[in-house]
Amino acid sequence: MKSLLIFLALALTNLAFADRPNILLVLDDDLGYGDLGCYGAKDVLTPNLDRFATEGLRFTSCYAAHPNCSPSRTAIMTGRTPTRVGVRDWIPEDSPVHMRRSEITITKLLHDAGYTTCHAGKWHMNGEFNKPTQPQPNDHGFDHWFATHNNAYPNHHNPDNFVRNGTAVGKLEGYAAHLVVDEAMRWLDGRDKSKPFFAYICIHEPHEPISSDAKYTALYHSADPSFNGHHGNISQMDDAFGRLMKKLDDSGLRENTLVLFTSDNGPAITAQHPHGSAGPLRDKKGSTFEGGIRIPGILRWPGQTKPGTVSDEPISGVDFLPTMCAIAGVQAPQDRVLDGTSWLPVLEGKKLDRKTPLYWHFNRATNDQKVAMRVGDWKILASLDKAPPSRSNDITEQTEREFKEAQLKDFMLFHLGKDIGEKNDLAATEPEKLAELKTLLQAKYTEVQRESPTWPAWTFTGAEGKKIQWPDYVKQKKAAPKKP
């Protein structure tokens, strides 16, 4: 009798698993809204992602939950506005900032519900990476992990800073995108195939420090080698993504796998590689204007998404956890505020009944407006009366205190449906709408500001910058005498 009960329990479990899709999230790094052919780019070659867009649903109002990497990733994992949970900016090495053990991640929820889980690529949700003093990927629900803290060092070529399940692997041969995807493919082959899987694949390209295989830079013919390097880096990422999609097909996994491709923030248009594109959007990574937060987002889920379709319904990184909970039949956390909403109704052509408006909060944003909210087609932004230096990574008692004391001021208002480039500030001409949204924004700002934890004082060491090996064309540019 006992054996029969065990058999029936296992059979019911396997039946339940059969109704749950595999979930594959591919998160790119610093890829702008205008950096893919399927989003209008004319000068970059991304055939695999362009084809992928024809196979599923392309979102034109897909948002990162923050204009910077660590907070954006934390929001995906927790379903919570990252400033609320204390991850307010990118996390340097050895920083006390981290995604705390008290946070409940989508990985932990899926793992506890029977999914087998894998992370490959950039982690960047703690300062003390691969140390017992802070939680690591396995502490947040990953069975298998192959990761770097932040960037691949000394660059994308032959990196030496990957860690596999807590053990440093040393110098690797190849380019980061393909190394990450190859690890994911090996894991797919060796995983427990009696369970559905959740794989979180975080590709480094085109984040600095860039290094691109010659076969990808050769696709471009600019006289500026930094252009060829940057765009070649995107093509390098695209090729690795295509390899991963082929693996799903070859393994018979396409039909029961939900694949979401997106980015962590807008383009990093840097001094070394000033070539990323936000398309028609204003500004870039680090900004609360659309160019810093609106990103590519493409979903393929056979039987649920129609090939070649487009949705302009706004979705965000904070929506990932509640959506995946709904898909997997898992209850989302009930003991804390979640800022996201399941976007499953979008697949039925419906609008979302969003209880909590989309919200961004970055005291060190590169633009003056540090806080923003979108409600329908309207977007309100505000400055702060106490904002820290945008380029500082130190944590001081003063900056932590002022974070808690800062108040909103100098509001801006845009209608994104008519003004995607945020050129026409309507704050003076739409006083009623401004007053309505100010009330919503003030309430959300106060709530997030109060809940965000206070971190101990810490001095930025600049450890990452000392590890970088730049391409020769960047070295030559840096060494060139400055013009008077």
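First, a word on scope: everything that follows refers to the structure included in this document. (Residues numbered from 1 in each chain as written. Predicted model: local features only at pLDDT ≥ 70, side-chain atom pairs only at ≥ 80, totals over all residues. Heavy atoms only, no water.)

Scanning the chain for helices and strands turns up 13 helices and 15 strands. Compactness check: the chain gives a C-alpha radius of gyration of 22 Å against a globular reference of 23 Å for 484 residues, within 12% of the reference. In terms of its C-alpha atoms, the chain occupies a principal-axis envelope of roughly 80 × 55 × 45 Å. Within the chain, contacts between residues at least 6 apart in sequence are counted, and of these 73% link residues at least 24 apart. Accessible area of the chain: about 19,500 Å², with a carbon and sulfur share of 53%. Of the side chains in the chain, 58 bear a positive and 60 a negative charge, and the two mean positions are spaced by 1 Å. (Helix = DSSP H or I, 4+ residues; strand = E, 2+ residues; numbered from the N terminus. Rg over C-alpha atoms; globule rule 2.2 N^0.38 Å. Contact = heavy atoms within 4.5 Å. Areas by Shrake-Rupley, 256 points an atom, 1.4 Å probe, with all protein chains shown as cover. Lys, Arg positive; Asp, Glu negative; His and termini not counted. Charge placed at Lys NZ, Arg CZ, Asp CG, Glu CD.)

As a further point, take unusual backbone geometry. Generally, phi is negative for residues other than glycine and the peptide bonds are trans, each holding for most cases. Pro-206 follows Glu-205 through a cis peptide bond whose omega is 5°. Mapped onto the elements of the fold, Pro-206 is located in the loop between strand E7 (197-202) and helix H7 (214-217). Between Glu-208 and the following residue, Pro-209, the backbone shows a cis peptide bond with an omega angle of -5°. Mapped onto the secondary structure, Pro-209 falls in the loop between E7 and H7. A positive phi angle, near 60°, is found at Asn-130, a position not held by glycine. With respect to the helices and strands, Asn-130 occurs in the loop between strand E3 (116-122) and strand E4 (144-148). In this model, Asp-283 sits at a positive phi of 80°, which is unusual for a non-glycine residue. Position of Asp-283 among the secondary structure elements: in the loop between strand E8 (257-263) and helix H9 (290-293).

Bringing the environment of Trp-301 into the picture now. Locating Trp-301 in the fold gives a position in the loop between strand E9 (294-300) and strand E10 (309-311). Measuring from C-alpha to C-alpha, the distance between Trp-301 and Asp-213 comes to 32 Å, with 88 residues separating the pair along the chain. When near neighbours in sequence (up to four residues on either side) are disregarded, Trp-301 contacts Pro-21, Thr-257, Leu-258, Ile-327, Leu-344 and Leu-347.

With that settled, consider the packing of helix H2 (residues 47-54) against helix H8 (residues 225-250). It is the contact of H2 with H8, at a shortest axis distance of 7 Å, that shows an interaxial angle of 50°. Looking at the two axes, H2 sits oblique to H8. For the pair H2 and H8, the contacting residues are Pro-47, Asn-48, Leu-49 and Phe-52 in the first and Met-237, Asp-238, Asp-239, Phe-241, Gly-242 and Met-245 in the second. For the contact of H2 with H8, the residue count by class is six nonpolar, two polar and two charged. (Axes fitted to C-alpha atoms, helices over the stretch in contact; angles between N-to-C directions. Parallel < 35°, antiparallel > 145°, perpendicular 65-115°, else oblique. Nonpolar A, V, L, I, M, F, W, Y, C, P; charged D, E, K, R; others polar.)

The next subject is the side chain of Ser-226. On the secondary structure map, Ser-226 appears in helix H8. Here Ser-226 falls in the buried class, since its relative accessible area comes to 6%. A distance of 2.8 Å separates polar atoms of two side chains, one belonging to Ser-226 and the other to Asp-224. In contact with Ser-226, not counting residues within four places along its chain, are Gln-272, His-273, Pro-274, His-275 and Tyr-473. (Buried < 20%, exposed > 50% of the residue type's maximum accessible area, 1.4 Å probe, protein only. Polar contact = N/O pair within 3.5 Å; in protein donor to acceptor, adjacent residues only side chain to side chain.)

Turning our eyes to something else, we now look at the layout of surface pockets. To find leftover empty space, a probe the size of one water molecule is rolled over the atoms. Its boundaries defined by the atoms lining it, the largest pocket holds a volume of some 880 Å³. Around the largest pocket, the lining comprises 34 residues; the ones closest to its centre are Trp-90, His-207, Thr-270, Lys-285 and Arg-391. As a volume, the second largest pocket reaches approximately 280 Å³. Partitioned by chemical class, the residues of the lining of the second largest pocket number five nonpolar, one polar and six charged. (1 Å grid on protein atoms, 1.4 Å probe; cavity = no way out; pocket = protein on both sides within 12 Å on 5 of 7 lines; lining within 4 Å. Points joined across faces, edges and corners; volume = space filled by probe spheres on them.)

With respect to the helices and strands, the residue Ser-287 is situated in the loop between E8 and H9. Among the polar contacts made by the side chain of Ser-287, one reaches the main-chain amide nitrogen of Phe-289 at a distance of 3.0 Å. When neighbours within four sequence positions are excluded, Ser-287 is seen to be in contact with Pro-67, Gly-292, Ile-293, Thr-366 and Asn-367.

With that settled, consider helix H3 (residues 69-78). The element H3 is extensively covered by neighbouring structure, given that 10 of its 10 residues are classed as buried. For H3, every residue scored as buried is listed here: Cys-69, Ser-70, Pro-71, Ser-72, Arg-73, Thr-74, Ala-75, Ile-76, Met-77 and Thr-78. Buried-residue contacts for H3 involve strand E1 (22-28), helix H4 (82-85), helix H5 (106-112), E3, E7 and helix H10 (320-328). Taken from the residues just after H3, Gly-79 is the one with a positive phi, measuring 75°.

Further remarks concern empty space enclosed by the protein. Within the structure shown, the criterion is met by four cavities of 30 Å³ or more. In this structure, the largest cavity spans a volume of roughly 310 Å³. In terms of lining, the largest cavity is formed by 22 residues, of which the most central are Arg-88, Asp-89, Arg-364, Ile-395 and Glu-400. Among the residues making up the lining of the largest cavity, the classes are represented as 10 nonpolar, five polar and seven charged.

For strand E14 (residues 378-384), a buried count of seven out of seven residues is recorded, marking the element as mostly surrounded by other parts of the structure. Where burial is concerned, the two faces of E14 agree: the one with Trp-378, Ile-380, Ala-382 and Leu-384 and the one with Lys-379, Leu-381 and Ser-383 are both buried. As paired elements, strand E13 (residues 371-375) and E14 share five bridges and run antiparallel to each other. Note that in E14 the partner of Met-373 across the bridge is Ile-380. The sheet contact formed by E14 and strand E15 (residues 408-415) spans six bridges and is antiparallel. The partner of Ser-383 across the bridge, within E15, is Lys-409. (Pairing = 2+ DSSP bridges.)

Counting buried residues in strand E2 (residues 57-63) gives seven out of seven residues, a clear majority hidden from the surface. Pairing analysis gives three bridges linking E2 to E10, with the strands arranged parallel. Its bridge partner being in E10, Arg-58 is matched across the sheet by Val-310. When E2 meets strand E11 (residues 315-316), the two strands line up parallel, connected through two bridges. Residue pairing for E11: Cys-62 is matched across the bridge by Ile-315.

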